[in-house]
Amino acid sequence: MNDVATILERPATSSVEHFDVLIVGAGISGIGGAYHLTTQCPGTQYVILESQDSFGGTWWTHRYPGIRSDSDLHTFGYRFKPWTSAPIATAEEILSYMGDVIKENDIARHIRYHHKVLTAEWSSTDNLWTLEAIRTDTNQTVRFTTNFLYMCQGYYRHDQGYTPEWPDMDKFKGQIVHPQTWPEDLDVTGKRVVVIGSGATAATLVPAIAGKCAHVTMLQRSPTWFNTGRNAIELAEELRKLQIDEIWIHEIVRRKILHDQAAFVKRTFEEPDSVKQDLLKAVRAYLGEDYDVDTHFTPSYRPWRQRIAFIPNGDLFQGIRDGKASVVTDQIERFTETGIQLRSGDHLDADIIVTATGFHLSVMGDIAFTVDGKALAWSDTVTYRGMMFTGVPNLVWVFGYFRASWTLRADLVGDFVCRLLNHMKQTGARRVVPTLRPEDKDMAILSWIDTENFNPGYVMRGLHLLPKRGDKREWQHTQDYWAEKDEFPKIDLSDAAFQYG
Ligand SMILES: Cc1cc2nc3c(=O)[nH]c(=O)nc-3n(C[C@H](O)[C@H](O)[C@H](O)COP(=O)(O)OP(=O)(O)OC[C@H]3O[C@@H](n4cnc5c(N)ncnc54)[C@H](O)[C@@H]3O)c2cc1C
């Protein structure tokens, strides 16, 4: 929060610009939000404030070799814009797709880059949010007012990844790199690289550099579940052969993928052992019977407790089979001048150590919020369906799904925002505040997610900062696309959970 302290010393512009809706973030959620406002609330004056110098969010920030999606682009892509290439896409392809959406819908003129929002103050007297942002290019402070905040700022800090502290890190003579801040000029040619971690990032990075560096070792404390297969969807290929319109293909393939995913998730709960055997069989098919799959690729947790990364064409396993990459399952005792000393007594020699160890959770873009002069602690609020919060007026947050593609929810939330804005316009309401109803008085208040069900590291580290959930569906982010796709359009906007003013 140093930024907030220093804001007072920065030159401020005297003018304050006003917009009906202000979107924070020009990632896949923010650009989607702009599309929904344009098409479902025509005439709405809106602006997107983005701290970086271009759109794309996650896909702009991450530059490490091999960066790609781990879910298919038919469902990670928007509902309204067909995806016409292979399902697992590179960051470049995703940026190009988003660029087309911006161009086709004339969104560019609404985006202000280099605008980092630092504070947001709600006034119930004026029914307005006042935001202060710093221009990251000129250091100038700029102010905006808005009736409605559409928070599309994602869930992690973009300027810094999460690296745990290990003993003697400072003694290492080589280079330590986090994938989120990958140096543009980093040359791995001929180097011995150790990648710490075995999540989706490590699984993409390792095969991407395997042929280039002298050797790459994926060092994991414990294994991760992976799914593998061809980077293609047979049904899409068939439909293309039949010259079906891409709009139809997009919709049909989305339904097929969602149907198959739902069946898969159900199986992970009902017959986890059989799912485990299927996943392991695919890994063994690449690595052979002699490889120690039990140690390196058999996690102790149930599949889907953490996101399962898809490995297109088994490229990670091919690198291992060909001897260009290897996996070590061990614990770090300390760093040394030449690499990493492991608890087992082994030493990993390295020129470059990559810490693919995850994110810093950022609740609401690290913006300092106040409501009528009182500092807002998000952990004191209860969420309305994972998108609004008790006591916080005129604000919606887009938080996607863990198990299904993020954008499925971004589209559903977009529809809800537009329906709510249109409802408020029709009824003349200037304020909507989610509020627990009399029947919610004795509801159990719980942490944001059920950690038995899903427990990724960045959420566990930041759980105390996140809003709370109740034990009723409307006071939870259910992580259930199949139910929400039917429930969201039916949300009764005159329910007592919405207090209008
Ligand atoms: C490497 C990687 C791969 C992933 N792959 C998948 C995948 O395949 N499928 C999937 O479903 N999910 C995936 N995810 C999760 C992914 O982050 C989301 O799916 C999605 O991209 C999030 O989009 P978003 O627009 O909500 O947020 P982000 O992409 O995080 O974008 C938020 C934007 O808001 C801006 N911002 C934040 N705070 C402020 C502020 N205070 N002021 C101004 N601007 C601000 C940021 O600069 C950023 O541009 C992946 C994540 C990572 C890191």
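> Which residues make up the site of the ligand, and what are the values?
In the vicinity of the ligand lie 32 residues, with Gly25, Gly27, Gly57, Gly154 and Gly365 positioned nearest. When contributions to the shell around the ligand are tallied by element, the ones reaching two or more residues are helix H2 (28-40) and strand E4 (115-123).

> Lay out the sheet that holds strand E12 (residues 325-329) in plain terms, naming residues and giving numbers.
With parallel pairing, the five strands of this open sheet are ordered in space as E7-E16-E8-E9-E12. The strands lining the two open edges of the sheet, one partner per strand, are strand E7 (175-177) and E12. Each strand axis lies, on average, 20 degrees off the axis of its neighbour in the sheet, ignoring direction. As paired elements, strand E9 (residues 215-220) and E12 share five bridges and run parallel to each other. Bridge pairing in E12 links Leu219 to Val328. On the sheet, helix H6 (residues 200-210) packs against strand E8 (192-196), E9, E12 and strand E16 (352-355) and is oriented at approximately 165 degrees with respect to E9.

> An account of the confidence of the model for the chain is needed here, citing residue identities and associated values.
Averaged over all residues, the pLDDT of the chain is 94; the fraction at 70 or higher stands at 97%. The low-confidence segment residues 1-11, where pLDDT is below 50, has 16 contacts with residues more than four positions distant or belonging to other chains.

> Report on H6, specifying residues and quantitative values.
When you tally the buried positions in H6, you get ten out of eleven residues, the bulk of the element. If you check which residues of H6 are buried, you get Ala200, Thr201, Ala202, Ala203, Thr204, Leu205, Val206, Pro207, Ile209 and Ala210.

> Go over the sheet that holds strand E14 (residues 339-342), please, and point to the residues and values.
Strand order across the open sheet formed by three strands is E13-E14-E15, with antiparallel pairing between neighbours. Of all the strands in the sheet, just strand E13 (332-336) and strand E15 (347-349) have a single pairing partner and so form its edges. Going across the sheet, the axis of each strand differs from the next one's by a mean of 20 degrees, ignoring polarity.

> Got a sec to walk through the packing of H2 against helix H12 (residues 406-427)? Specific residues and values, please.
Any two packed helices are characterised by how steeply their axes cross, that is the angle between the axes, and by the distance between the axes. The contact between H2 and H12 brings their axes to 9 Å, and the two run at 35 degrees. The crossing of H2 and H12 is right-handed. Facing H2, whose interface residues are Ile28, Ser29, Gly32, Gly33, His36, Leu37 and Gln40, H12 presents Trp406, Thr407, Ala410, Asp411, Gly414, Asp415, Val417 and Cys418. Classifying every residue of the contact of H2 with H12 by side-chain character gives six nonpolar, seven polar and two charged.

Definitions and limits used
- Along each chain, residues carry numbers from 1 onward, in the same order as the chain's sequence is written.
- With the structure being a predicted model, the display of local features is reserved for residues of pLDDT at least 70 and the display and counting of side-chain atom pairs for 80 or more, all residues being used for whole-chain, interface and lining totals.
- Here is the check we use: build the C-beta atom from the backbone, and if it is within 6 Å of the molecule or strand, call the residue near.
- Segments assigned H or I by DSSP are reported as helices when at least four residues long, segments assigned E as strands when at least two residues long, and all are numbered from the N terminus.
- Strands are labelled as partners when DSSP assigns at least two bridges between them.
- Axis definition: a line fit to C-alpha positions, over the contact stretch in the case of helices; interaxial angles, taken between N-to-C directions, run 0 to 180 degrees.
- Our contact criterion uses C-beta atoms placed from the backbone: two residues qualify when those atoms are within 7 Å.
- Residue-level confidence of the predictor is what pLDDT reports, using numbers from 0 through 100.
- In this scheme the burial state of a residue depends on its C-beta neighbours within 10 Å: 20 or more other such atoms mean buried, 12 or fewer mean exposed, and anything in between means partly exposed; the C-beta positions come from the backbone.
- Should the near helix be turned anticlockwise from the far one by less than a right angle, the crossing is termed left-handed; should it be turned clockwise, right-handed.
- Ten residue types, Ala, Val, Leu, Ile, Met, Phe, Trp, Tyr, Cys and Pro, are classed as nonpolar, four, Asp, Glu, Lys and Arg, as charged, and the remainder, Gly among them, as polar.

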